Amino acid sequence: MNIFWPVFENLIMPIIAGVTYFLLAKYIAYIAPLRKLVTGDITYKGAYWGFIFFGVFLLTRPLQISLGPHPAPLIVNNIREFIMIGLFTPAVFVGLTSFALGFEKIKKGTVTLVFGIGIALAIYFAVVNIRAIGGSMEIFRIGGYAFYDGTWFHPTNPDAHLMPVLFIIRVLDPVCAMIMLGIFCFWRSIVFPKNSVYDNMPKKLVFQGLAVMSFGLSMLFTGFMVVVWKIPNQWWIYYLGAILAGVFEAIALSFPLHKEQKI
């Protein structure tokens, strides 16, 4: 039983969460040809690639811990964080903003700016992370095979003072971006034109808001546990948040734009 929880939170939960988002991406690809005629191409393109990027980020946690000691966890972690900070958040931000605005086409310059900020933050995160990780340690073992992760929070890490930098970047992207998107979706659900032919939009926006807020708040709470309660490495919290966000997203996608429309 001592091995169950490390295996569950580091292997099973990331796989469940990652597969959830690949299935959502597949569903987006299925409904996009019809719905993008109304919403525009950028909305569903952003959602599709956002789900793909997020699925890759979630699924590669087992890879990060299974390739051996340092520098393997660092290399995979930097790739994962680049995907999360530099690609996933901008894609979702652009796609969901376009959707919440009522299918308004986002200007190409705005898209470039959003991705530029995300990629710049991701590169800075990776540079700082190279020092902040402080090496690796065995976190559990299955039979004779050892699984390793970084020693970011280990008391012997000489560069632990760099952790606040990583924390601030994570708070900005994706946490603040997701929470802002959630608030924006809730606001748009309230002010969305009542006489619109797309009478299911307010309901869809509420569940879209719940989806991004679920993940953003779960990641914020994970960081809160480290900063306030000094309890590190509770990755399972935001994997659970990601799964919950996937449930809300699936509900939002299941609603047609018109109440009387059948899918």
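Parameters and conventions
- Residues numbered from 1 in each chain as written.
- Predicted model: local features only at pLDDT ≥ 70, side-chain atom pairs only at ≥ 80, totals over all residues.
- Heavy atoms only, no water.
- Helix = DSSP H or I, 4+ residues; strand = E, 2+ residues; numbered from the N terminus.
- Buried < 20%, exposed > 50% of the residue type's maximum accessible area, 1.4 Å probe, protein only.
- Lys, Arg positive; Asp, Glu negative; His and termini not counted.
- Salt bridge = Lys/Arg side-chain N within 4 Å of Asp/Glu carboxyl O.
- Polar contact = N/O pair within 3.5 Å; in protein donor to acceptor, adjacent residues only side chain to side chain.
- Patch = residues over 30% accessible without salt bridge, like charges linked within 9 Å, V, L, I, M, F, W, Y side chains within 5 Å.
- Areas by Shrake-Rupley, 256 points an atom, 1.4 Å probe, with all protein chains shown as cover.
- Contact = heavy atoms within 4.5 Å.
- Core = buried A, V, L, I, M, F, W, Y, C linked by side-chain atoms within 4.5 Å.

Quick look at the side chain of K204
Turning to step 1, where the next piece is worked out: If you trace the backbone, K204 turns up in helix α7 (residues 201–227).
Turning to step 2, where the next piece is worked out: Buried charged residue K204 carries no salt bridge. Nearest counter-charge: E249, at 7.6 Å.
Turning to step 3, where the next piece is worked out: At 2.8 Å, the side chain of K204 and the backbone oxygen of A252 are in polar contact.

Overview of the pattern of salt bridges
Turning to step 1, where the next piece is worked out: Per the stated rule, a full pass over the model turns up four salt bridges.
Turning to step 2, where the next piece is worked out: Here E138 makes a salt bridge to R141, at a shortest N to O gap of 2.8 Å.
Turning to step 3, where the next piece is worked out: Judged by relative accessible area, E138 falls into the partly exposed class, the value being 34%.
Turning to step 4, where the next piece is worked out: A relative accessible area of 38% places R141 in the partly exposed class.

Side note on a nonpolar patch on the surface
Turning to step 1, where the next piece is worked out: Together, F167, I168, L172, F221, F224, V227, V228, W229 and I231 line one region of the surface with nonpolar side chains, adding up to about 800 Å² of accessible area.
Turning to step 2, where the next piece is worked out: Mapped onto the nonpolar patch, the elements with two or more residues apiece are α6 (163–191) and α7.
Turning to step 3, where the next piece is worked out: Examined against the element boundaries, F224 turns out to sit in helix α7.
Turning to step 4, where the next piece is worked out: Residue F224 is classed as partly exposed on the basis of its relative accessible area, which comes to 37%.

Considerations on unusual backbone geometry
Turning to step 1, where the next piece is worked out: Between H70 and P71 the backbone carries a cis peptide bond, its omega angle lying at 15 degrees.
Turning to step 2, where the next piece is worked out: Residue placement: P71 occurs in the loop between α3 (61–66) and α4 (72–100).
Turning to step 3, where the next piece is worked out: Following D173, the chain continues to P174 via a peptide bond in cis, the omega torsion being 20 degrees.
Turning to step 4, where the next piece is worked out: One can find P174 in helix α6.
Turning to step 5, where the next piece is worked out: Even without being a glycine, N233 presents a positive backbone phi close to 65 degrees.
Turning to step 6, where the next piece is worked out: Mapped onto the elements, N233 comes out in the loop between α7 and α8 (236–254).
Turning to step 7, where the next piece is worked out: On the basis of relative accessible area, N233 is assigned to the partly exposed category, the value being 32%.

Looking at the environment of P69
Turning to step 1, where the next piece is worked out: Inspection of the secondary structure puts P69 in the loop between α3 and α4.
Turning to step 2, where the next piece is worked out: Along the chain, P69 and I16 lie 53 residues apart, while their C-alpha atoms are 25 Å from each other.
Turning to step 3, where the next piece is worked out: Here P69 is in contact with S136 and Y148, once residues within four sequence places are set aside.

Let's talk about the nonpolar core
Turning to step 1, where the next piece is worked out: Counting residues in each nonpolar core, the largest one holds 59 residues, and the members touching the most others are F54 and F215.
Turning to step 2, where the next piece is worked out: Only α1 (4–39), α2 (41–59), α4, α5 (108–132), α6, α7 and α8 provide two or more residues apiece to this core.
Turning to step 3, where the next piece is worked out: Broken down by element, this core gets its largest block of residues, ten residues, from α4.
Turning to step 4, where the next piece is worked out: F54 has contacts with Y21, M84, F88, F215 and A242, leaving out every residue within four places of it along the chain.

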